Amino acid sequence: MDYLDYVQMTKGHRFAYKLKSFFTGIPKAIMKFFLAIGHFIKKLFGGLGKFFKAYGSRFAKGDGATKLSYIIMGVGNMAHKQFAKGLLFLLTEIGYILFMIFFGSFYLSHIYSTSYVMLSPDNKYQGAYAFGTGSVGKTVIQYKEDGMFGRSLDTTMPHDDSNKILLFFVLTLIITITFIAIYIANTKSAYASQLTIKEGKKPESFGSEMKSFLDERFHITMLALPVLLLIVFNILPIIFTVFMAFTNYDKNHSPDTVLYQWVGFKNFADIFYSNPKMSATFGKILLWTLVWAFFATFTNFIFGIILALLINKKDIKFKGFWRTMFVVTAAVPQFVTLNIMRLMLDDHGAFNEMITSIGLPSIRFLTDPNIARVTVIIVNMWVGIPYTMLISSGLLMNIPEDLYESARIDGANAMQQFTKITFPYIFFVMTPYLITTFVSNINNFNVIYFLTGSGDAAEGYYKATKTDLLVTWLYKLTNDKSEYNIAAVIGILIFIICSVGSLIVFNMSKASKNEEEFS
């Protein structure tokens, strides 16, 4: 469709055309996303091919010292008169070898073995399964006689800890990957210094190289600590959680008593089809999570814009006062507000007391599932609208007045100015904010849990209530039910849903396609 055909459409036809274009664009965006993944994998393997080719080429063209640095790190640099740098490489290799001998190798070798006793909930001996053994330095498994029931594990003796084995296994992997990166840098540095000497030049001194980290390579210096913290507090827990999703870590396989074992994709199968009750619960909660995230995001967005427009009108007095009044709701800690709202909306709370005092029946704001779902959306508006109002107020001040003046000259009324200028501009600028808000609402633990999170599981639901989101269900499975393996699977699925959805929607938006101008 060309521009002239679009302009001649009625408003209803334009809306229908845009709606149709959006939904027909989703399959294309998904296909584009998976094509991008394929392109990334292709580039990855291409990059690996080039890497190994360059790695072999450096060895083939290197002199004796460079070749020796492939075995003993730092030799090439020291032979080429870069003693300090070479010594650092050598100390790194020695440190890694000692780490593997006295620490890492133990956890690598014990990540999978077949020597532990699994106990039933009544503490009776059942049999032997697999997932790592051994306390640090010594494996001790003590049995005690238990009459006609055979033997059981005496948990008073030193015993293995699956969490420790898995955590230090992941840590060892990360340290090994880091060491490999330093090892590759060592071979590159040795070969580069060889070429520098071959050209008749003097290799860069260690002091000069260190000074460069305060000049042209200062970005590396500034990013070093944040990257380290990212690895320790984000990457390591994520990898640990991913591994946990492939184990049977639950209340019957607690590291305090027994070791848990690898179970492959069994937990994923339970979530999707093997366990009917669990899979049905996952489907229902996923649907409600997406519905909640949509309404929680766009009600705050729309009403926040409307509130900002009302406060920013020229004939409104005391603008600062009104902004302050609404910002106060954002200044109060969220859990305080939510707890007060829970008390007020309780079956015997203030609202129901007022309703019943005038002869009307009480309303189950938080205990009736359908009413509770509407209630949490409304309460979330009270909590979230001030944030959108503040952002929208700043954007409204930046819209050029010339646009409104031109629109008024052309005869546009207030509604037309809003739909053609104000809203498109705000939506264009706030698209990334909307995406992040949608993702945060998928993981909005506070509003759901503090208002309706507690309580017994609903009929037909697997250890969840009808108002639970995926994140609150995950919390209950870990904190209340100790089903860490299923919770880990749900965490992975939440990550996939949020990341894939965010990338697809953002790449479909104008904010991605036309970053530098508003149209």
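In this report, the structure presented in the accompanying data block is examined. Quick caveat: nothing in here was measured; it's all calculated off a predicted structure.

## With respect to the environment of His80
Here is step 1: Positionally, His80 belongs in the loop between helix H4 (75–79) and helix H5 (83–109).
Here is step 2: For His80, a relative accessible area of 6% corresponds to the buried category.
Here is step 3: Measuring from C-alpha to C-alpha, the distance between His80 and Ala65 comes to 8.3 Å, with 15 residues separating the pair along the chain.
Here is step 4: Dropping the residues within four chain positions of it, His80 is found in contact with Asp63, Ala65, Thr66, Ala190, Ser193, Gln194, Ile197 and Pro203.
Here is step 5: Within the structure, the side chain of His80 is placed 2.8 Å from the backbone oxygen of Gly76, a separation counted as a polar contact.

## Re the pattern of salt bridges
Here is step 1: Using the criterion set out here, one finds seven salt bridges in the structure.
Here is step 2: Among the salt bridges present, the one from Glu199 reaches Lys201, with a minimum N-O distance of 3.8 Å.
Here is step 3: The class for Glu199 is exposed, based on a relative accessible area of 55%.
Here is step 4: Owing to a relative accessible area of 55%, Lys201 belongs among the exposed residues under this scheme.
Here is step 5: The shortest N-O distance in the salt bridge between Arg408 and Glu401 comes to 3.1 Å.

## Some thoughts on the packing of helix H6 (residues 162–198) against helix H8 (residues 218–244)
Here is step 1: Closest axis-to-axis distance for the H6/H8 pair is 10 Å, and the angle between their directions is 125 degrees. What the angle tells us is that H6 and H8 run oblique. As for how H6 packs across H8, the hand of that crossing is right-handed. For the pair H6 and H8, the contacting residues are Asn163, Leu166, Leu167, Phe169, Val170, Leu171, Leu173 and Ile174 in the first and Ile231, Leu236, Ile239, Phe240, Phe243 and Met244 in the second.
Here is step 2: Split by residue class, the contact of H6 with H8 holds 13 nonpolar, one polar and no charged.

## Quick notes on the packing of aromatic side chains
Here is step 1: Applying the stated criterion to the full structure yields 33 aromatic pairs.
Here is step 2: Geometrically, the ring pair formed by Phe246 and Phe265 is edge-to-face, given 5.2 Å between the ring centres and 90 degrees between the ring planes. Of the two residues, Phe246 sits in the loop between H8 and helix H9 (266–274) while Phe265 sits in the loop between H8 and H9, which places them 19 residues apart along the sequence.
Here is step 3: Phe265 sits in the exposed class, given a relative accessible area of 61%.
Here is step 4: Put simply, the rings of Phe294, Phe295, Phe298, Phe301, Phe418, Phe423 and Phe427 touch in pairs and so form one group of aromatic residues.
Here is step 5: Geometry around Phe59 places Lys67 over its ring, the cationic atom sitting 5.6 Å from the centre.

Cut-off values and rules
Going along each chain's sequence as written, the residues are numbered from 1 onward. Thresholds applied to this predicted model are a pLDDT of at least 70 for local features of residues and 80 or more for the giving and counting of side-chain atom pairs; totals over whole chains, interfaces and linings are not thresholded and use all residues. Excluding hydrogens and water, the side-chain values take into account all heavy atoms of the structure. Think of it this way: any DSSP run of H or I at least four residues long counts as a helix, any run of E at least two long counts as a strand, and we number them from the N terminus. Remark: exposure states derive from per-residue accessible area (1.4 Å probe, protein chains only) relative to the maximum for the residue type, with buried under 20%, exposed over 50%, and partly exposed in between. In what follows, a contact means two residues having at least one pair of non-hydrogen atoms within 4.5 Å. N or O atoms closer than or at 3.5 Å make up a polar contact, with two conditions inside protein: a donor-capable atom paired with an acceptor-capable one, and, for residues adjacent in sequence, both atoms drawn from side chains. Put simply, a salt bridge is a Lys or Arg side-chain nitrogen that is within 4 Å of an Asp or Glu carboxyl oxygen. The axes are straight lines fitted to the C-alpha atoms, using for helices just the contacting stretch, and the angles between their N-to-C directions are given from 0 to 180°. Should an angle fall under 35 degrees it is called roughly parallel, over 145 degrees roughly antiparallel, and 65 to 115 degrees roughly perpendicular, with every other angle called oblique. Here a crossing is taken to be left-handed if its near helix is turned anticlockwise relative to the far helix by less than a right angle, and right-handed if that turn runs clockwise. Charged residues are taken to be Asp, Glu, Lys and Arg, nonpolar residues to be Ala, Val, Leu, Ile, Met, Phe, Trp, Tyr, Cys and Pro, and polar residues to be all remaining types, Gly included. By convention, a stacked pair of Phe, Tyr or Trp rings (six-membered ring in the case of Trp) has centres within 6.5 Å and planes under 30 degrees apart, an edge-to-face pair has planes over 60 apart, and any other such pair is tilted. Look at NZ for Lys and CZ for Arg. If either is within 6 Å of the ring centre and within 35 degrees of the ring normal, a charge sits over the ring.

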